[in-house]
Amino acid sequence: MYQLHYYPGNASFAPHVLLREIGAPFELSLVDRSRNAQKDPAYLKLNPAGRIPVLVKGDLVLFESAAICLHLCDSHPQAGLAPTAGSDERAHFYKWLMFMTNTIQPDILMFYYSDRYTDDAEGGAALRSAADRRLVQWFAMIEEGIDPAAPWFLGREYSAADAFLLMTARWGRGLSTPPRKMAKLRRLLERILERDAVQKAIAAEGVEGPFLGG
Ligand SMILES: N[C@@H](CCC(=O)N[C@@H](CS)C(=O)NCC(=O)O)C(=O)O
């Protein structure tokens, strides 16, 4: 039985969707960010970084959302959530997953929590607007990379990259040009949103309002 430590709409969302896609037994454990529970001593034992999510299964305690997604893909190959190892498709899968977790996510944090990135009380606004500019460019890069004839992010097959993209695009809903305003991205995100696993994850987490903003 997996246990996923989550908070609605946080970096736990893609792992949550994948658990539902796989159909493996799991339970959700709320980390109540409204009272900073991610910094409780008991939670810090699971993730010393004090961040959400954490996946637990038996002796395995795993943090970092992308690592959890990759581990779920590897552990449940029958779910077909990642292209075949060693294929060109798998290489592009890694590329986009790493781009989202290494490049987009840090700028998202800078956008929403700019004050954490400077000791200058006046400096946050400039960091936020620079992060906005970079993020619009990063999502435009993804828009450029989408094949309009393909149903999913990587092409013909749905993958963990789609769930991760949806989560990341949600975080971009407050940008000056949000992902939902980019035509190919919007179509792709709407298709991902229609998946049963996604709808069930949204309902279970109680995420309110339009998922992609607007
Ligand atoms: N790179 C980490 C980042 C996780 C992260 O920043 N999670 C946020 C929620 S989306 C969090 O826990 N923030 C609480 C905090 O920083 O105190 C991952 O992808 O798992």
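Up top is the structure these notes are about.
Residues numbered from 1 in each chain as written. Predicted model: local features only at pLDDT ≥ 70, side-chain atom pairs only at ≥ 80, totals over all residues. Heavy atoms only, no water.

(A) The overall build of the chain, seen in detail. Tallying secondary structure elements over the chain gives eight helices and four strands in all. Going residue by residue from the N terminus, the α and β elements of the chain occur as β-α-β-α-β-β-α-α-α-α-α-α. Since a compact globule built from 214 residues should have a radius of gyration of about 17 Å, the 17 Å found for the chain is in line with a globular shape. Reported as C-alpha extents along the three principal axes, the dimensions of the chain are approximately 50 × 45 × 35 Å. Expressed as a percentage of its 214 residues, the buried residues of the chain come to 49%. Within the chain, contacts between residues separated by at least 24 positions form 65% of all contacts whose residues are at least 6 apart in sequence. (Helix = DSSP H or I, 4+ residues; strand = E, 2+ residues; numbered from the N terminus. Rg over C-alpha atoms; globule rule 2.2 N^0.38 Å. Buried < 20%, exposed > 50% of the residue type's maximum accessible area, 1.4 Å probe, protein only. Contact = heavy atoms within 4.5 Å.)

(B) Structural context of the packing of aromatic side chains. The final tally for this structure, using the stated rule, is seven aromatic pairs. Their ring planes at 35° and their centres at 5.3 Å tell us that Trp96 and Phe153 sit as a pair that is tilted. One end of the pair, Trp96, is in helix H4 (residues 88–112); the other, Phe153, is in the loop between helix H5 (124–145) and helix H6 (160–171), with 57 residues separating them in the sequence. By relative accessible area, Trp96 is classed as buried at 10%. Residue Phe153 is classed as buried on the basis of its relative accessible area of 4%. For the pair Phe111 and Tyr112, a centre-to-centre distance of 5.0 Å together with 80° between the ring planes defines the contact as edge-to-face. Since its relative accessible area comes to 3%, Phe111 is described here as buried. Overall, Tyr112 belongs to the partly exposed group, its relative accessible area being 35%. One aromatic cluster is present, formed by Trp96, Phe99, Trp138 and Phe153 through successive ring pairs. The ring of Phe211 is capped by Arg170, whose NZ or CZ atom sits 4.9 Å from the centre of that ring. Sitting over the face of the ring of Trp152, Arg195 holds its NZ or CZ atom 5.2 Å from the ring centroid. (Phe/Tyr/Trp six-rings, centres within 6.5 Å; stacked < 30°, edge-to-face > 60°. Lys NZ or Arg CZ within 6 Å of the ring centre and 35° of its normal.)

(C) Structural view of H6. Over its 12 residues, H6 extends 17 Å from the first C-alpha to the last, a length consistent with the 16 Å expected when each residue adds 1.5 Å. Within H6, 12 of the 12 residues are buried, leaving the element largely enclosed by the surrounding structure. Listed in full, the buried residues belonging to H6 are Ala160, Ala161, Asp162, Ala163, Phe164, Leu165, Leu166, Met167, Thr168, Ala169, Arg170 and Trp171. Here the buried face of H6 lies against helix H1 (13–22), helix H3 (65–75), H4, H5, helix H7 (183–193) and helix H8 (196–205). (Expected span 1.5 Å × (residues − 1).)

(D) Here's a closer look at the pairing of strand E3 (residues 54–57). Two strands pair when backbone bridges link them, and strand E1 (residues 2–6) and E3 are joined in this way by three bridges, in the antiparallel orientation. By the bridge assignment, Leu4 is partnered in E3 with Leu55. Here E3 runs beside strand E4 (residues 60–63); their pairing, made up of four bridges, is antiparallel. Following the sheet pairing, Lys57 is matched in E4 by Leu60. Here E3 folds back onto E4 in antiparallel fashion, the turn holding two residues, of which Gly58 has a positive phi close to 60°. (Pairing = 2+ DSSP bridges.)

(E) Quick look at the state of the cysteines. Applying the stated criterion across every chain yields a total of zero disulfides. No disulfide involves Cys69; its sulfur sits 6.7 Å from that of Cys73, the nearest cysteine. (Disulfide = S-S within 2.5 Å.)

(F) Representation of the site of the ligand within the structure. Not every one of the 13 residues close to the ligand is listed here, only the nearest: Gln38, Lys39, Ile52, Glu64 and Ser65. Take Ile52: an N or O atom from its main chain is 2.8 Å from an oxygen atom of the ligand. Protein burial of the ligand: of its 510 Å² of free accessible surface, 91% is covered by the chains. Class assignment of the residues belonging to the shell around the ligand gives a composition of three nonpolar, five polar and five charged. (Near = heavy atom within 4 Å. Polar contact = N/O pair within 3.5 Å; in protein donor to acceptor, adjacent residues only side chain to side chain. Areas by Shrake-Rupley, 256 points an atom, 1.4 Å probe, with all protein chains shown as cover. Nonpolar A, V, L, I, M, F, W, Y, C, P; charged D, E, K, R; others polar.)

It is worth stressing that arrangement in space is one thing and function is another; only the former is reported here.
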